[in-house]
Amino acid sequence: MTSTRTAIVVGGGIAGPVTALALRRAGIEATVHESHPTTADGIGGALSIAPNGRAALGLVGLDRVGVPMNAIVLQNHKGRVITEIRQPMQFTWRADLYRRLYDLALHQRVPVHHGHELVDVRDSGTGIRAVFADGTVSEEADVLIGADGLRSTVRGLIDPQAPQPRYSGLLGFGARVDGAGLPPTGDRMYMAFGRREGRRGCRTGVPRRSPAALRPPRHPREDGLAVRPPHPLGRRRRLAA
């Protein structure tokens, strides 16, 4: 039997609550610490959940998530079908999945603390504590788990030399459009590629030399590209985690 009885989970997006709920099923009391001061309701685009992800969600009590999506159809800029990729998945909106997981965590009495931005950890040899930017320190736990996204603070504390994410040169955009007047596509998602000035790219991606953010940057950008939307979007470090 494991001697692990308590856990600190850093990150309250999607992975954090799922991890805490799974640990609870295994008899491990987990506490979730999220850096942002408010919930992420209404934040994020669409998610495609593969069978292994559905299994993980089912394990913690979410058996039905989203709608079936069994294929992705790729089209060129003229609407001609390039290929069809068959793979059973579930399509859902991140905001919907987030709210269901958040409510489930609260229902199962998983503590979720907001405004806890991790800055350091203290390892006593017999346990570990998380230190947050507001000066608070967590209770000691047996393990600390990082579920804090692409630019993980936990990863950097474990290994300061760990590889950092690299910008691919493509910005992705997604939106939910109601009443578009388009016919239903059944269990297929259609992705169309556009063409402009001899360049080709996915219509949901725009080539750009440097990344843009929907948040106030820690270090102001010289090109002024980062926008400053109203709270809470201005507080979000990422649209999806």
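Structure's up top.
Residues numbered from 1 in each chain as written. Predicted model: local features only at pLDDT ≥ 70, side-chain atom pairs only at ≥ 80, totals over all residues. Heavy atoms only, no water.

Draft legend 1. Representation of the sheet that holds strand 9 (residues 143–146) in the model. One open sheet holds the four strands; their spatial order is 6-2-1-9, and the pairing between them is parallel. Because the sheet does not close on itself, it has two edges, and the strands there are strand 6 (112–113) and strand 9. Direction of pairing for strand 1 (residues 6–10) relative to strand 9: parallel, over a ladder of four bridges. Its bridge partner lying in strand 9, A7 is registered against V143. (Pairing = 2+ DSSP bridges. Helix = DSSP H or I, 4+ residues; strand = E, 2+ residues; numbered from the N terminus.)

Draft legend 2. Quick peek at the nonpolar core. One finds V9, L21, L57, L62, L97 and L101 to be the most contacted residues of the largest nonpolar core, which totals 25 residues. Of all the secondary-structure elements, those providing two or more residues to this core are strand 1, helix 1 (15–25), strand 2 (29–33) and helix 3 (94–107). Considering each element in turn, this core owes the most residues, six residues, to helix 3. Leaving out residues up to four positions away in the same chain, L57 has contacts with V18, I49, L62, V65, L97 and L101. Formed by nine residues, the second largest nonpolar core is a distinct cluster that contains V10, L118, I128 and A130. (Core = buried A, V, L, I, M, F, W, Y, C linked by side-chain atoms within 4.5 Å. Buried < 20%, exposed > 50% of the residue type's maximum accessible area, 1.4 Å probe, protein only. Contact = heavy atoms within 4.5 Å.)

Draft legend 3. Examining the packing of aromatic side chains more closely. Scanning the entire structure with this criterion turns up two aromatic pairs. Judged by centre distance (5.5 Å) and plane angle (80 degrees), the rings of F91 and W93 are edge-to-face. (Phe/Tyr/Trp six-rings, centres within 6.5 Å; stacked < 30°, edge-to-face > 60°.)

Draft legend 4. Local environment of the packing of helix 1 against helix 3. Relative to each other, helix 1 and helix 3 sit at 35 degrees, their axes nearing to 9 Å. By crossing handedness, the relation of helix 1 to helix 3 is classed as left-handed. Contacts between helix 1 and helix 3 involve P17, V18 and L21 from the former and L101, L104 and A105 from the latter. Here the residues of the contact of helix 1 with helix 3 are counted per class, giving six nonpolar, no polar and no charged. (Axes fitted to C-alpha atoms, helices over the stretch in contact; angles between N-to-C directions. Left-handed = near helix turned anticlockwise from the far one by under 90°. Nonpolar A, V, L, I, M, F, W, Y, C, P; charged D, E, K, R; others polar.)

Draft legend 5. Quick look at helix 1. Taken residue by residue, helix 1 has G16, P17, V18, A20, L21 and L23 as its buried positions. On the buried face of helix 1, the contacting elements are strand 1, strand 2, helix 2 (51–59), helix 3 and strand 9. Following helix 1 by one or two positions, G27 adopts a phi angle in the positive range, close to 85 degrees.

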